[in-house]
Amino acid sequence: YQTETHAISHYNKYFNGMHSTNRWFDNVWYLSVPKSFFEDAYSGGPFEFLTAVSFSFEYVLTNLLFVPFMSGAAHNGDMGTMTFGFSAQSDESRHMTLGIECIKFMLEQDPANVPIVQRWMDKWFWRGYRLLTLVAMMQDYMLPKRGVSWKEAWEMYAEANGGALFQDLARYGIRKPLGWDEACEGKNHISHQAWSTFYQYAHAAAFHTWLPSEDEMAWLASKYPDTFERYYRPRFEHWAQVEKDPGEGRWFNQFLPMLCQTCQIPMLFTEPGDPTQICFREASYLGQKYHFCSDHCQRIFEHEPKKYSQAWLPVHQIYQGACYPEDINPASPGDSPVREVLRYYGIEG
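Note that the structure is predicted; figures quoted are calculated from it, not measured.

Caption draft 1: Summary view of the overall build of the protein. For the protein, the count of helices and strands is 19 helices and four strands. Viewed in the frame of its principal axes, the protein has a C-alpha envelope of about 65 × 50 × 45 Å. For the protein, buried positions account for 50% of its 349 residues. For the protein, long-range pairs separated by at least 24 residues make up 67% of all intrachain contacts whose partners lie at least 6 apart in sequence.

Caption draft 2: View of the environment of P225. Residue position: P225 is located in the loop between α14 (214–223) and α15 (228–244). Taking the C-alpha atoms as reference, P225 lies 9.2 Å from N188; in sequence the two are 37 residues apart.

Caption draft 3: Highlighting helix α19 (residues 337–345). Of all the residues in α19, the buried ones are E340, V341, L342, Y344 and Y345. Each element contacted by the buried residues of α19 is listed here: α2 (21–27), α13 (202–205) and α18 (314–319). Just downstream of α19, G346 is the residue with a positive phi angle, here 105°.

Caption draft 4: Looking closely at the packing of helix α3 (residues 32–42) against helix α8 (residues 113–131). Contact pair α3 / α8: the axes reach a minimum separation of 10 Å and the direction vectors enclose 160°. When the axes of α3 and α8 are compared, the pair comes out roughly antiparallel. Where α3 crosses over α8, the two elements pack in a sense that is left-handed. Residue-level contacts link V33, P34, S36, F37, D40 and A41 of α3 to K123, W124, R127, G128 and L131 of α8. Of the residues contributing to the contact of α3 with α8, the split by class is six nonpolar, two polar and three charged.

Caption draft 5: Looking closely at unusual backbone geometry. Not every positive phi belongs to a glycine, and Q264 is a case in point at roughly 65°. Along the polypeptide, Q264 turns up in the loop between α15 and β1 (270–271). The exposure class of Q264 is buried, given its relative accessible area of 6%. Positioned with a positive phi, L286 is a non-glycine residue whose angle comes to about 50°. Tracing the backbone through its elements, the reader meets L286 in the loop between β3 (281–285) and β4 (288–292).

Caption draft 6: Spatial organisation of helix α6 (residues 68–75). Buried residues of α6: P68, F69, M70, G72 and A73, and no others. Where α6 is buried, its residues contact α5 (62–66), α7 (79–109), α9 (133–141) and α10 (150–169). G77 sits one or two residues past α6 and shows a positive phi near 85°.

Caption draft 7: Quick look at the pattern of salt bridges. For the structure on display, the rule yields 20 salt bridges. Its salt-bridge partner being E304, residue K123 comes within 3.0 Å of it at the nearest N-O pair. Here E304 lies in the loop between α16 (295–303) and α17 (305–308) and K123 lies in helix α8, a separation of 181 residues in the sequence. Just as K123 is buried, E304 falls in that class too. Of the charged contacts, one joins D168 and R171 as a salt bridge, the two residues approaching to 2.5 Å between their closest N and O atoms. Under the relative-accessibility criterion, R171 is labelled exposed at 56%. Linked through salt bridges whose partners overlap, the residues forming this network are D40, E48, K123, R127, E304 and K307.

Cut-offs and rules
- Residues numbered from 1 in each chain as written.
- Predicted model: local features only at pLDDT ≥ 70, side-chain atom pairs only at ≥ 80, totals over all residues.
- Heavy atoms only, no water.
- Helix = DSSP H or I, 4+ residues; strand = E, 2+ residues; numbered from the N terminus.
- Buried < 20%, exposed > 50% of the residue type's maximum accessible area, 1.4 Å probe, protein only.
- Contact = heavy atoms within 4.5 Å.
- Axes fitted to C-alpha atoms, helices over the stretch in contact; angles between N-to-C directions.
- Parallel < 35°, antiparallel > 145°, perpendicular 65-115°, else oblique.
- Left-handed = near helix turned anticlockwise from the far one by under 90°.
- Nonpolar A, V, L, I, M, F, W, Y, C, P; charged D, E, K, R; others polar.
- Salt bridge = Lys/Arg side-chain N within 4 Å of Asp/Glu carboxyl O.

Coordinates in, geometry out; function isn't part of it.
In structure tokens, the structure reads:
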């Protein structure tokens with residue numbers, strides 16, 4: 001907490017409104033993504049929580065969070081971030097050791113535990129993978145001097161290390177989580193798709209984004225030879241042309257994105273095997289329709305619909321007027337939803 005507060009104090013020198021972290025925690029809409037992950041975990045009971053946090057997140061996925069991006073921070077001279085990240089990951093290593101031993105203990109106690117633990121692994125691998133979309137975007141787009149791409153980090157820390165882990169657990173009857181293959185395919189796409197989404201909604205998220213330069217796109221093309229030139233460079237080049245038009249300027253999407261009911265991330269992900277089509281799923285529960293970004297998020301919902309149907313989806317709340325300052329009437333003439341929601345966040349300037 002001290003490290004995070006120290007980091008925010010640096011940002012607050014340049015961006016007004018970031019002094020009130022408690023207000024941001026309660027009000028900023030996209031923070032619902034990590035909050036929903038951890039609220040989901042600790043409301044699932046102690047053994048599911050252990051599987052979610054000490055195993056699926058910390059053992060399988062945190063190397064992707066704390067090692068390659070922190071190495072990139074060091075490469076860019078950001079020693080504060082590097083110190084925090086490597087310190088955090090040393091602590092995570094202790095959690096990993098406890099997590100894997102507790103998983104093995106549950107599996108060894110009773111063969112009937114195997115399908116229960118497997119379902120938890122399926123669920124929490126996917127939930128953790130979706131949460132790391134932001135890290136993928138940071139890795140490929142936000143470092144001034146780039147080193148390891150998200151794709152390379154995924155191959156090293158997920159496919160190689162994670163693959164070896166599940167080979168070890170195979171003797172208990174555990175297989176790789178559902179969604180593993182889709183995640184391995186997604187290494188070629190999710191960072192570009194996330195950055196494109198944040199670029200469109202930078203005004204609504206108070207999140208600074210920009211179009212990659214020619215040198216940066218050349219680096220991305222070298223790291224993603226099968227996908228970047230074909231699917232993502234044309235998109236950035238089109239937006240660059242729009243920015244140059246005096247009558248247009250930078251393009252912003254004026255409508256807020258639909259969110260997945262389970263992971264609460266905007267519906268930005270594409271169909272497995274077809275990066276030209278947005279993946280869209282829906283299900284019904286008690287006469288209401290719910291929408292999902294993938295088969296796996298839909299499967300998680302359908303196993304516990306009573307839980308996930310209660311999710312507080314910020315975009316819905318914004319459109320219903322629940323995320324406005326108290327002195328604003330959303331129906332008043334000249335109302336600017338984006339402006340007022342930013343004021344609700346506490347963004348000034």
